Amino acid sequence: MQKIIIALLALVVITSCSEKKSDKNLQITGNIKGLKKGTLYIQRIKDTTLVAIDTIQINGDSHFTSEMNIDSPEMLYLFLDRGVSNSVDNNLPFFVEPGKINIESSLEFFTADAKITGSKNQELYDEYKKVVSRYVDENLELVKKRFNAYKDKNTTELAKIQVEQDNILKRKYLYTTNFAVNNASHAVAPYVAVAEIYDINLKYLDTIQKSLTPEISKSLYGKQLKQLIEERKKLEETK
């Protein structure tokens, strides 16, 4: 009986050790199906340059984990070094926030197959990209038409296409502004403002900033938005 009790106590100790909580506020797990050997780098933008903040060696097992502390929600990048070949499909942006985030993808279609769960900011950003991609597709069609009109020296058609492209850009900017205002309690709001519409009329950037919650105003991208507005105002004053 004593041996059984000792064995049970040992099991409890082992279990409690294995379930030890991480002291980091962000846990990233994932699986890159088909990746047998290579290196994954988790990167962030620092002074306009991507720098690695964690390196993960893959050797046989395509699953990976990473833990770190972050001060506020942030866009990070998962870079895949395939080891044997280069590809433009090798850098996956993903919006992190404190908690647990999982990334599932494949070696063949690294960015296209990516499914990221556990981040509300990522979920909102995916919705944003889905709508914005329509504007991108529309503009690409006009780029093809512009090329043909340029070859034919059709100035009337070129002027018409320019107006259509300007309208697409306005629609994208207005959608982005509305998206940011409607999601002002999430870090994705100031992020899209800084990353997508930094050159929009200042009144729209001001509107976005004023709509942010106090917590988001103090976040990484909230501070960047404030700095952008201040720099834009100074620049306009010197003109």
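Residues numbered from 1 in each chain as written. Predicted model: local features only at pLDDT ≥ 70, side-chain atom pairs only at ≥ 80, totals over all residues. Heavy atoms only, no water.

S.K.: Describe the overall build of the chain, and please don't skip the residues or the numbers.
M.R.: Each helix and strand in the chain was counted, giving 7 helices and 8 strands. Among the 239 residues that make up the chain, the fraction classed as buried is 36%. Taking all contacts inside the chain whose residues are at least 6 apart in sequence as the whole, residues at least 24 apart take part in 57%. (Helix = DSSP H or I, 4+ residues; strand = E, 2+ residues; numbered from the N terminus. Buried < 20%, exposed > 50% of the residue type's maximum accessible area, 1.4 Å probe, protein only. Contact = heavy atoms within 4.5 Å.)

S.K.: Explain the packing of helix 2 (residues 120-151) against helix 3 (residues 155-182) to me, and be specific about the residues and the numbers.
M.R.: Any two packed helices are characterised by the angle at which their axes cross and by the distance between the axes. Two elements in contact, helix 2 and helix 3, have axes whose closest approach is 9 Å; the angle formed by their N-to-C orientations is 170 degrees. Here helix 3 runs roughly antiparallel to helix 2, going by the angle between their axes. Residue classes in the contact of helix 2 with helix 3 are distributed as 14 nonpolar, 4 polar and 8 charged. (Axes fitted to C-alpha atoms, helices over the stretch in contact; angles between N-to-C directions. Parallel < 35°, antiparallel > 145°, perpendicular 65-115°, else oblique. Nonpolar A, V, L, I, M, F, W, Y, C, P; charged D, E, K, R; others polar.)

S.K.: Please set out the pairing of strand 4 (residues 63-68) residue by residue, giving values where relevant.
M.R.: With burial as the criterion, only one face of strand 4 is covered, namely that bearing Phe 64, Ser 66 and Met 68; the residues His 63, Thr 65 and Glu 67 on the opposite face remain uncovered. Across 6 bridges, strand 1 (residues 26-33) lies against strand 4 in antiparallel orientation. Residue pairing for strand 4: Leu 26 is matched across the bridge by Met 68. (Pairing = 2+ DSSP bridges.)

S.K.: Could you give an account of unusual backbone geometry, naming the residues involved and the relevant values?
M.R.: One non-glycine residue with positive phi stands out, namely Asp 47, at about 55 degrees. Following the sequence through the fold, Asp 47 ends up in the loop between strand 2 (37-46) and strand 3 (49-59). By relative accessible area, Asp 47 is classed as exposed at 67%.

S.K.: I'd like a description of the confidence of the model for the chain, backed by residues and values.
M.R.: Averaged over all residues, the pLDDT of the chain equals 91, while 89% of them reach at least 70. Scored below 50 in pLDDT, residues 5-10 makes 0 contacts in the model with residues more than four places away or belonging to other chains. Low confidence marks residues 12-18, where pLDDT is under 50. Its contacts with residues over four positions away, or in another chain, come to 0 contacts. (pLDDT = per-residue confidence, 0-100.)

S.K.: Give me the packing of aromatic side chains: which residues, what numbers.
M.R.: In this structure the tally under the stated criterion is 11 aromatic pairs. Seen in terms of ring centroids, Tyr 41 and Phe 79 are 6.1 Å apart; in terms of plane orientation they differ by 40 degrees. Their pairing is tilted. Of the two residues, Tyr 41 sits in strand 2 while Phe 79 sits in strand 5 (residues 74-81), which places them 38 residues apart along the sequence. By relative accessible area, which is 24% here, Tyr 41 ends up partly exposed. When the centroid spacing of 6.0 Å and the interplanar angle of 75 degrees are considered together, the rings of Phe 95 and Tyr 221 count as edge-to-face. Residue Phe 95 is found in strand 6 (residues 91-96), and its partner Tyr 221 is found in helix 7 (residues 220-237); the two are separated by 126 residues along the sequence. Since its relative accessible area comes to 7%, Tyr 221 is described here as buried. Clustering of aromatic rings is evident, with ring pairs tying together Phe 95, Tyr 125, Tyr 128, Tyr 135, Tyr 175, Phe 179, Tyr 191 and Tyr 221. (Phe/Tyr/Trp six-rings, centres within 6.5 Å; stacked < 30°, edge-to-face > 60°.)

S.K.: Lay out the environment of Ala 149 with the relevant residues and their values.
M.R.: By the secondary structure assignment, Ala 149 is in helix 2. With a relative accessible area of 5%, Ala 149 lands in the buried category. The spatial distance from the C-alpha of Ala 149 to the C-alpha of Ala 159 is 9.8 Å, given a sequence separation of 10 residues. Once residues lying within four places of it in the same chain are set aside, the contact partners of Ala 149 are Asn 154, Glu 157, Leu 158 and Ile 161.

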